[in-house]
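Understanding the architecture of this molecule
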Amino acid sequence: MHSEFLQQLQSLTESHAILFGDDTAKYCLDQRRRYCGSTLAVARPNSVQQLSEIAQLCSRYRIAMVPQGGNTSLCGAATPDESGQSIVISFERMNRVIEVDADNNTITVEAGVTLQQVQQAALAAQRLFPANWAAAGSCQIGGALATNAGGVNVLRYGNMRELTLGLEVVLANGTIWDGLRGLRKDNTGYDLKQLFIGAEGTLGLISSAVLRLYPLPTAHATALIDVGSPTAAVALLRQLQAQVSDRITSFELISRPCLALLQKHFSNLAQPFASLPEWCVLLELSDGGDSEALIEQLAKILNDTGFENAYVAQNQRQSADFWRLREHIPEAQRLEGVSIKHDISIPVGDIPRFLIECQTQLTEQFSDAKIVAFGHLGDGNLHYNLFLTETSSLIYQHEAAINAIVYQLVAQYNGSISAEHGIGQLKKVSLTHYRSPCELALMASIKNALDPLGLMNPGKVLN
Ligand SMILES: Cc1cc2nc3c(=O)[nH]c(=O)nc-3n(C[C@H](O)[C@H](O)[C@H](O)COP(=O)(O)OP(=O)(O)OC[C@H]3O[C@@H](n4cnc5c(N)ncnc54)[C@H](O)[C@@H]3O)c2cc1C
């Protein structure tokens, strides 16, 4: 049966669009090298029609589909399972920017366009597409939508859900749903696009999207500040919000172990501090005025707060140097070895207490624990990673115990065990403990309604 299916699959596209055997290897291994699956073939359609025909064929033969964008998922969401019974659908050839509409402030793109390409196309039209994170050059819009990704500018502009006006989706049976509308007001029944955003490819295949653009800010001011403690960081955020309102674009918290890892693995990246602070904040303001004035305003505010070690970038190069520090934290961790990672969110004001309590509980049980915490404090989102003396994958034997401590505390604070990376394979079991039976049943009924044969990205999120 598989050979008949594969023959028909090949007849739907150009021959080079379907990959087999060794050519599929990179599509079967996840970003963190935790999951290694296997696949019948990788299909790389270059149009929504081809995508629809592939889905129809899969539906007829009951072959599961694993959508894959840039394969930067940090929770194994885009990796096929080990059965070798599914196909991977790669969007890498659906990579056209369809339209930039400067009047409507929208951009319409196919799912395989990278985040960086969207940013650049917007810039060419003197507009801003504000979503940004360290994988911008490789992650795709389809993947960013399917994970409702966030990044460093969520505080001001929201995550992918807020940045999306319309979608085109190929359903599990191959039907094309055309919801490619660039409307900011549309109250005609259920907002269907929201079902597919954040569904991690378990409900349908996103083929194109209409995304919001914003006026291009002309002024930026960036600062790196030794704040001493998370409590002081939260107070600074509150004060800035009172003084400069929504001009705060990013507000990132960085702990000392992050800076120490940067010093160790990226000694070429200069850090302005004479000695490493326990906690620092990297923040950015932006608006439509003049950079010099904004830099001056930020410097004055920070001066008035009394922080002794506050460095305000005087030009774009210094600002880029500060941001490079933040962007290299994930890679510095990778070079250090294997860690247990958490991507959690809790209400902003509770973060200082959470950090103290969680560290106390973890070090009681794991005396060698080194906690590398950083993240988007303005959104209440922490990347909370734990290294033990053991830095190989043997550390995973402690994962369940470590997760139990972190997640139970997150639950006590009414937080989330996945702020922005999603569930994938990694947190599938945890999801069943931290979402209520009512929520899980609703999710299961939506899944069943849209994918009754269970063909969309099996083994991820729910089952
Ligand atoms: C260095 C680094 C930094 C990161 N920083 C952040 C961050 O700050 N914030 C954040 O939110 N994430 C971050 N991520 C995680 C990751 O980049 C995002 O989740 C990203 O948006 C995934 O996009 P992708 O194209 O790589 O998707 P993939 O990894 O290929 O897929 C992710 C999920 O989307 C599904 N999918 C992919 N394309 C489609 C489609 N067209 N239709 C339907 N489903 C689809 C897949 O099946 C899978 O479930 C980071 C990752 C790395 C490696």
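Residues numbered from 1 in each chain as written. Predicted model: local features only at pLDDT ≥ 70, side-chain atom pairs only at ≥ 80, totals over all residues. Heavy atoms only, no water.

1. Some thoughts on the overall build of the chain
If you tally the helices and strands in the chain, you get 15 helices and 18 strands. Over its C-alpha trace the chain gives a radius of gyration of 23 Å, about what one expects of a compact globule, namely 23 Å for 463 residues. Every one of the 463 residues in the chain was classed for burial, and the buried ones make up 53%. If you take every contact in the chain between residues at least 6 apart in sequence, the share linking residues at least 24 apart comes to 74%. Here the chain displays about 19900 Å² of accessible surface, and carbon together with sulfur accounts for 49% of that area. The chain carries 34 positive and 45 negative side-chain charges, and their two centres are separated by 2 Å. (Helix = DSSP H or I, 4+ residues; strand = E, 2+ residues; numbered from the N terminus. Rg over C-alpha atoms; globule rule 2.2 N^0.38 Å. Buried < 20%, exposed > 50% of the residue type's maximum accessible area, 1.4 Å probe, protein only. Contact = heavy atoms within 4.5 Å. Areas by Shrake-Rupley, 256 points an atom, 1.4 Å probe, with all protein chains shown as cover. Lys, Arg positive; Asp, Glu negative; His and termini not counted. Charge placed at Lys NZ, Arg CZ, Asp CG, Glu CD.)

2. Observations concerning the side chain of Lys460
Tracing the chain through its elements places Lys460 in the segment after α15 (437–450). No salt bridge is formed by the buried Lys460; its nearest oppositely charged neighbour, Asp81, is found at 7.0 Å. At 2.6 Å, the side chain of Lys460 and the side chain of Asn457 are in polar contact. Not counting residues within four places of it along the chain, the set of residues in contact with Lys460 comprises Val66, Gly76, Ala77, Thr79, Pro80, Thr202, Gly424, Gln425 and Lys428. (Salt bridge = Lys/Arg side-chain N within 4 Å of Asp/Glu carboxyl O. Polar contact = N/O pair within 3.5 Å; in protein donor to acceptor, adjacent residues only side chain to side chain.)

3. A short note on empty space enclosed by the protein
In total, this model carries one cavity of 30 Å³ or more according to the counting rule given. Its volume calculated, the largest cavity comes out at about 40 Å³. What lines the largest cavity is simply Arg34, Ile340, Lys341, His342, Glu399, Asn403, Tyr407, Leu426 and Lys427. Looking at side-chain class alone, the lining of the largest cavity contains three nonpolar, two polar and four charged residues. (1 Å grid on protein atoms, 1.4 Å probe; cavity = no way out; pocket = protein on both sides within 12 Å on 5 of 7 lines; lining within 4 Å. Points joined across faces, edges and corners; volume = space filled by probe spheres on them. Nonpolar A, V, L, I, M, F, W, Y, C, P; charged D, E, K, R; others polar.)

4. With respect to the packing of aromatic side chains
What the rule picks out here adds up to seven aromatic pairs. When the ring of Tyr407 is compared with that of Tyr434, the centres are 5.7 Å apart and the planes differ by 75 degrees; the resulting orientation is edge-to-face. Linking Tyr407 in helix α13 (residues 399–412) with Tyr434 in helix α14 (residues 428–434), this pair joins segments that are 27 residues apart in sequence. By the ring-pair criterion, three or more aromatic residues cluster together here, those being Phe354, Tyr384 and Tyr413. Across from the ring centre of Tyr396, 3.7 Å away, lies the NZ or CZ of Arg34, which sits over that ring. Its end group placed over the ring of Phe387, Lys370 keeps NZ or CZ at 5.6 Å from the ring centre. (Phe/Tyr/Trp six-rings, centres within 6.5 Å; stacked < 30°, edge-to-face > 60°. Lys NZ or Arg CZ within 6 Å of the ring centre and 35° of its normal.)

5. Observations regarding helix α1 (residues 2–12)
Those residues of α1 not exposed but buried are Phe5, Leu6 and Leu9. Looking straight down α1, one finds that the buried residues subtend no more than 95 degrees of arc, so they occupy a single side. In α1, the exposed positions that point more than 90 degrees away from the buried face belong to Ser3, Gln7 and Ser11. Close packing links the buried residues of α1 with β1 (18–19), β2 (41–43), α2 (48–61) and β4 (87–90). (Arc of directions from axis to C-beta.)

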